[in-house]
Amino acid sequence: MSDDPLVTVLLPGPPMGKKRHRSRVVIPKRGKPWVQQYPDPDGVAYEADLAAAGREAMKEGGLISDPFDGPLTCFVEAFVPIPKSWSKKDHAAAVAGEIFPTSKPDGDNYAKTAGDALNGVCWVDDSQIIMWQVLKLYSDFPRLRVSVWAWDDLGPAEPELV
């Protein structure tokens, strides 16, 4: 892999993990009740904002206009806000990287959000991403940063079977 990413997408504000679909029971005047599922509106809006940031990042890259194809690796950094209720000592420790966020959402939910939001923008489909890395950190400046590299390594050689 080269040192510089193909593209880096930055979305300011508290990062959001993938939201679960919502459900409601529809009771018609006639017929049987049924369950309707729909995506969480906040999650849809966040993914749209991330996609817009992705389109902007792709434009800033210069000649790149089409989503990348081929195998990719993706590094997702979720900089979550430091709780306001924390003491100055804990706040300073969080800023210094001595305390890490171990609360929800899980790191893989940040990856799912990035994967779905940037489909057709930074990559054709998130199935192209053969390696995900997710890092959750505290920050006074919450944001989500997604960096993408082409996977041009062959990786370690396969061991020979004896």
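Quick notes on the rules
- Residues numbered from 1 in each chain as written.
- Predicted model: local features only at pLDDT ≥ 70, side-chain atom pairs only at ≥ 80, totals over all residues.
- Heavy atoms only, no water.
- Helix = DSSP H or I, 4+ residues; strand = E, 2+ residues; numbered from the N terminus.
- Rg over C-alpha atoms; globule rule 2.2 N^0.38 Å.
- Buried < 20%, exposed > 50% of the residue type's maximum accessible area, 1.4 Å probe, protein only.
- Contact = heavy atoms within 4.5 Å.
- Areas by Shrake-Rupley, 256 points an atom, 1.4 Å probe, with all protein chains shown as cover.
- Salt bridge = Lys/Arg side-chain N within 4 Å of Asp/Glu carboxyl O.
- Pairing = 2+ DSSP bridges.
- Axes fitted to C-alpha atoms, helices over the stretch in contact; angles between N-to-C directions.

Enquirer: Provide a residue-level description of the overall build of the protein, including the pertinent values.
Expert: Regarding its fold elements, the protein presents three helices and six strands. Traced from its N-terminal end to its C-terminal end, the protein shows the element sequence β-β-β-α-β-α-α-β-β. Taking 2.2 N^0.38 as the reference for a compact globule, 162 residues should give roughly 15 Å; the C-alpha atoms of the protein span a radius of gyration of 20 Å, well beyond that estimate. Based on the C-alpha atoms only, the size of the protein along its principal axes is roughly 65 × 45 × 45 Å. By the burial criterion, 32% of the 162 residues in the protein qualify as buried. In the protein, of all internal contacts separated by at least 6 residues, the share reaching a separation of at least 24 is 80%. For the protein, the computed accessible surface area is about 10700 Å², with 55% contributed by carbon and sulfur atoms.

Enquirer: How would you summarise the pattern of salt bridges if you had to cite specific residues and measurements?
Expert: A side chain of one charge can pair with a side chain of the opposite charge when the charged atoms of the two come close. All chains considered together, the criterion is met by six salt bridges. Across the pair D116 and K18 runs a salt bridge, and its minimum N-O distance is 2.7 Å. On the criterion of sequence distance, the pair formed by D116 in helix α3 (residues 107–117) and K18 in the loop between β1 (7–12) and β2 (22–26) is long-range, its members being 98 residues apart. Through salt bridges with shared partners, a single network forms among K18, E47 and D116.

Enquirer: Could you give an account of the sheet that holds strand β4 (residues 72–81), naming the residues involved and the relevant values?
Expert: The pairing of strands in a sheet happens through backbone hydrogen bonds and is either parallel or antiparallel. Here we have four strands laid out as an open sheet, ordered β1-β6-β4-β5, and mixed in their pairing. Unpaired on one side and paired on the other, β1 and β5 (129–139) mark the two borders of the sheet. Across the sheet, the mean angle separating the axes of adjacent strands is 10° when strand polarity is ignored. Bridging between β4 and β5 involves 10 bridges; their strand directions are parallel.

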